[in-house]
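Take a look at the letters that make up each chain.
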Amino acid sequence: LKLDGSTWTVFLPTDGAFDKYSTILEPLIGESSRTSNLFWETHHAGLNLMAYHFHNGDAFRVSQLECSELLEMSTGESSRHKCLKGERYQKGQGNHMVEGLPFPKIIKRDIEFCHGIVHIVDGVMLPKDFEDVVPVALLAGFELFSATCR
């Protein structure tokens, strides 16, 4: 995921979002360590999950996103913008499969950064086959995002 020279819309989960989703994300991480082959395999998959929170090509403000609009993410899969009871959400194709967890709600919107706009969400956007995506890189993954504006 390279931010230089591109324009982005980013849906950035809070730390609490990962806590909220830990029951489904933790079993996917397993007992991997930095010295095992599993870590390097899952690290790449974790970057893919992180990339699923980035849209390339446009910097959309929340007011520019239509309710029920599909937005292609940098992984090639789409996410959907939802409007429910006056709140705005950005959900992945896999979010509907997790019983008991609400869609990721946009809790802070339209934060400008050097390559686009960030929206803070209170959940993790899950791609369609999220069981195949192991989020190891999410532990420090968004440092990549913040480091590009230095």
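Residues numbered from 1 in each chain as written. Predicted model: local features only at pLDDT ≥ 70, side-chain atom pairs only at ≥ 80, totals over all residues. Heavy atoms only, no water.

1. What about the pattern of salt bridges?
Quick note on the threshold: Each salt bridge in this description consists of a side-chain nitrogen of Lys or Arg and a carboxyl oxygen of Asp or Glu lying within 4 Å of one another. Numbering of helices and strands starts at the N terminus; helices are DSSP runs of H or I of at least 4 residues and strands are runs of E of at least 2. For every residue, the accessible area obtained with a 1.4 Å probe (protein chains only) is divided by the maximum for its type, and the residue is called buried under 20%, exposed over 50%, and partly exposed between those limits.
Per the counting criterion, the structure on display carries two salt bridges. Residue D122 is joined to K20 by a salt bridge in which the shortest nitrogen-to-oxygen separation is 3.5 Å. Of this pair, D122 sits in the loop between β7 (116-121) and α4 (143-147) while K20 sits in helix α1 (residues 15-20); the two residues are 102 residues apart in sequence, bridging distant segments of the chain. Judged by its relative accessible area of 18%, D122 falls in the buried class.

2. What about the environment of H119?
Worth spelling out the cut-off: Only heavy atoms enter the contact rule, under which two residues are in contact if any of them lie within 4.5 Å. Whenever a nitrogen or oxygen atom comes within 3.5 Å of another N or O atom, the pair is scored as a polar contact, on the condition that within protein one atom can donate a hydrogen and the other can accept it, and that pairs from neighbouring residues in sequence are kept only if both atoms are in side chains.
For H119, the location among the structural elements is in strand β7. Classification of H119 as buried rests on a relative accessible area of 0%. Measuring from C-alpha to C-alpha, the distance between H119 and R109 comes to 4.5 Å, with ten residues separating the pair along the chain. Those residues in contact with H119, other than ones at most four positions away along the chain, are T9, V10, F11, L12, F60, R61, V62, I106, K108, R109 and D110. At a separation of 2.8 Å, a polar atom in the side chain of H119 contacts the main-chain carbonyl oxygen of F60.

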